[in-house]
Amino acid sequence: MMQSNQWIPLFPEQASSFAWQVDLLYAYLIVVSVVFSIPIVAAVFYFGIRYREVERYSTPDEMHGSMVLETVWSIIPFVVSMTIFLGGAIVFYNQFTPPADSMDVFVVGKQWMWKIQHESGQREINELHVPVGRNIKLTMTTEDVLHDFDVPAFRTKADVVPGRYTYLWFQPTKPGKYRLFCAEYCGLNHSGMGGWVYVMEQRDFDNWLSGNISGQTPVEAGKDLFENKLGCASCHAGGATQRGAKLEGIYNEEIKLVGGGTVIADDNYIRNSILNPASQVVEGFQPIMPTFKGQVTEEQLNSLVVYIKSLSPTAAGAASSSAPAAVANTMPASGNTNRSTNPQANANAAIRGTSNPNAPNSNR
Ligand code: CUA
């Protein structure tokens, strides 16, 4: 149950570090609305009575303006609107600037469920377990349509958009069980696309994490795809003779492109380079890389992105200490010999290993 211990259940419980900021901003908006509405309504009645028609066709005295009045009714709304703007901008900036020390969690939306994977490889569906007091950063995408990851108790939500990554972060402040919703209409069972966020003490979280078989971590899964299943290593590893662009140390660096442009090698760039390799070709290379669109699932893409990120150990928050520095040493003799014939089968196998297979309504 959603804990609501407030006298007026106007807002859900505050359970994240910035929840109070959102509530304060809303309280301010309510106060401003009340402070303006009451005098206006009162004035409507007062003037209606005070200046009612007492003599037919009477001519009122004219008034030719007042500097004081004009100044006051310009400055007050200016101050009110600017404080609303500044308050909103500060809250927005806080909410969409994930701290560098965040714990990464990967989210894939799908009609009609949330698929979640932790850095340890642990998977869950429609449930998210997190430790209290830690900064949690969600890297999110979707397999199909637009969804929206929404946890009212944390006072944060963000759209989950096909074809790119979006981010959300929060620091849970209280252990408990909080509602998770999809807040973007996404088809027939949109209303059932939700679940629970479990905020646990660090010790309980560690127990939960160790009590489940997690299989490959995302970095390991990405390495496996890179070196074996997709054969990326045949071009992107091999030192001076490699045909593909260097991937070590590129994360968050500026990359020069053919045609003179530059791009920052962030998650979305890496993702796009796998799906649309011809759209952003690195300077000095030929556009010979085939597209992997349709051959990799969103979860596999996530894994590839974290693996490539792990090749840049100096990048802030480089995903895992298991980052292998020497891809070159493990280059297979031939890139295509190990290519999986059916990546979808691998993904399905991975999903079957989850602790809570596809049970959107089991906790309601
Ligand atoms: Cu997913 Cu609404």
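Parameters and conventions
Residues numbered from 1 in each chain as written. Predicted model: local features only at pLDDT ≥ 70, side-chain atom pairs only at ≥ 80, totals over all residues. Heavy atoms only, no water. Helix = DSSP H or I, 4+ residues; strand = E, 2+ residues; numbered from the N terminus. Buried < 20%, exposed > 50% of the residue type's maximum accessible area, 1.4 Å probe, protein only. pLDDT = per-residue confidence, 0-100. Contact = heavy atoms within 4.5 Å. Pairing = 2+ DSSP bridges. Axes fitted to C-alpha atoms, helices over the stretch in contact; angles between N-to-C directions. Salt bridge = Lys/Arg side-chain N within 4 Å of Asp/Glu carboxyl O. Patch = residues over 30% accessible without salt bridge, like charges linked within 9 Å, V, L, I, M, F, W, Y side chains within 5 Å. Areas by Shrake-Rupley, 256 points an atom, 1.4 Å probe, with all protein chains shown as cover. Parallel < 35°, antiparallel > 145°, perpendicular 65-115°, else oblique. Nonpolar A, V, L, I, M, F, W, Y, C, P; charged D, E, K, R; others polar. Core = buried A, V, L, I, M, F, W, Y, C linked by side-chain atoms within 4.5 Å.

A.B. asks: Can you explain the overall build of the chain? Please cite residues and give values.
C.D. replies: Secondary structure summary: the chain contains eight helices and twelve strands in total. Every one of the 364 residues in the chain was classed for burial, and the buried ones make up 40%.

A.B. asks: Break down the confidence of the model for the chain for me, citing the residues and quoting the values.
C.D. replies: Confidence in the prediction for the chain averages 80 pLDDT; 82% of positions are at 70 or higher. The least confident element of the chain, judged by mean pLDDT, is helix α8 (residues 343-352) at 39; the most confident is strand β6 (residues 147-151) at 95. Per-residue pLDDT stays below 50 along residues 316-364; that stretch engages in 76 contacts with residues further than four places along the chain or on separate chains.

A.B. asks: Run through the pairing of strand β2 (residues 113-118), naming residues and quoting values.
C.D. replies: In the case of a regular strand, side chains alternate between the two sheet surfaces. Burial analysis of β2 places six of its six residues in the buried class, the great majority of the element. Across the two faces of β2 the burial is the same, with M113, K115 and Q117 and W114, I116 and H118 all buried. Hairpin connection between strand β1 (residues 103-110) and β2: a loop of two residues separates the two successive antiparallel strands. Relative to strand β3 (residues 123-125), β2 runs antiparallel, the two being bridged by three bridges. Paired with K115 across the strands is I125, a residue of β3.

A.B. asks: Let's hear about the sheet that holds β2: which residues, and what values?
C.D. replies: Strands in a sheet are paired, the pairing made by backbone hydrogen bonds, and the direction either parallel or antiparallel. A sheet is described by the order of its strands in space; here five strands give the open sequence β3-β2-β1-β5-β8, paired in mixed fashion. In this open sheet, the two edge strands, each paired with only one partner strand, are β3 and β8 (166-170). Looking at each pair of strands side by side, their axes are set apart by 25 degrees on average, direction ignored. Judged from the five bridges that link them, strand β5 (residues 136-142) and β8 form a sheet pairing that is antiparallel. When the sheet's bridge partners are listed, K137 is paired in β8 with W169.

A.B. asks: Give me the pattern of salt bridges: which residues, what numbers.
C.D. replies: Summed over the entire model, instances satisfying the criterion amount to seven salt bridges. A salt bridge links E299 to K115, with the nearest nitrogen and oxygen atoms 3.5 Å apart. In this pair, E299 sits in helix α7 (residues 298-310) while K115 sits in strand β2, placing the two residues 184 residues apart along the sequence. A salt bridge links R123 to E299; the nearest nitrogen and oxygen atoms lie 3.8 Å apart. Here the residue R123 occupies a position in strand β3, and E299 occupies one in helix α7, the gap between them amounting to 176 residues. The pair R123 / E299 is uniform in exposure class, with both members buried. Ionic contacts of the salt-bridge type, sharing partners, join the residues K115, R123, E143 and E299 into one network.

A.B. asks: Go over the sheet that holds strand β7 (residues 156-160) with me, naming the residues and quoting the values.
C.D. replies: Ordered by their spatial adjacency, five strands build an open sheet running β4-β10-β9-β6-β7, and the pairing between neighbours is mixed. In this open sheet, the two strands that pair with only one neighbour each are β4 (127-131) and β7. Pairs of neighbouring strands in the sheet enclose a mean axial angle of 20 degrees, with direction left out of account. The sheet contact formed by β4 and strand β10 (residues 195-200) spans five bridges and is parallel. Paired with H129 across the strands is Y198, a residue of β10. Packing against the sheet, helix α3 (residues 202-210) makes contact with β4 and β10, and its axis sits at approximately 130 degrees to β4.

A.B. asks: If you had to explain a nonpolar patch on the surface to someone new, which residues and values would you point to?
C.D. replies: Residues V31, V35, F36, I40, V41, V44, F45, V68, V72 and I76 make up a contiguous nonpolar surface patch of about 940 Å² in total accessible area. Of the residues forming the nonpolar patch, the biggest block, seven residues, is contributed by helix α1 (residues 19-50).

A.B. asks: Account for the pairing of β1, with residues named and values stated.
C.D. replies: When you tally the buried positions in β1, you get seven out of eight residues, the bulk of the element. Across seven bridges, β1 lies against β5 in parallel orientation. Bridging across to β5, V107 finds its partner in M140. Examined bridge by bridge, β1 and β2 share six bridges and lie antiparallel to one another. Directly across from V108, in β2, lies its bridge partner K115.

A.B. asks: Tell me what's going on with the packing of helix α4 (residues 218-229) against α7, and back it up with residues and numbers.
C.D. replies: Viewed as axis vectors pointing N to C, α4 and α7 meet at an angle of 95 degrees, and their least axial separation amounts to 7 Å. As summarised for this structure, α4 and α7 are arranged roughly perpendicular, according to the angle between their axes. Residues P218, V219, A221, G222, K223, L225, F226 and E227 of α4 form the contact with α7, whose own contacting residues are Q300, S303, L304, V306, Y307 and S310. Looking at the contact of α4 with α7, its residues break down into eight nonpolar, four polar and two charged.

A.B. asks: So, the nonpolar core: which residues are in play, and what are the values?
C.D. replies: If you look at the biggest cluster of nonpolar residues, it comprises 34 residues, and the most contacted ones within it are W114, L128, L138, M140, F149, F154 and V197. Residue contributions to this core peak at five residues, all from β10. A237, L301, V305 and V306 belong to the second-largest nonpolar core, a separate cluster that totals 31 residues.

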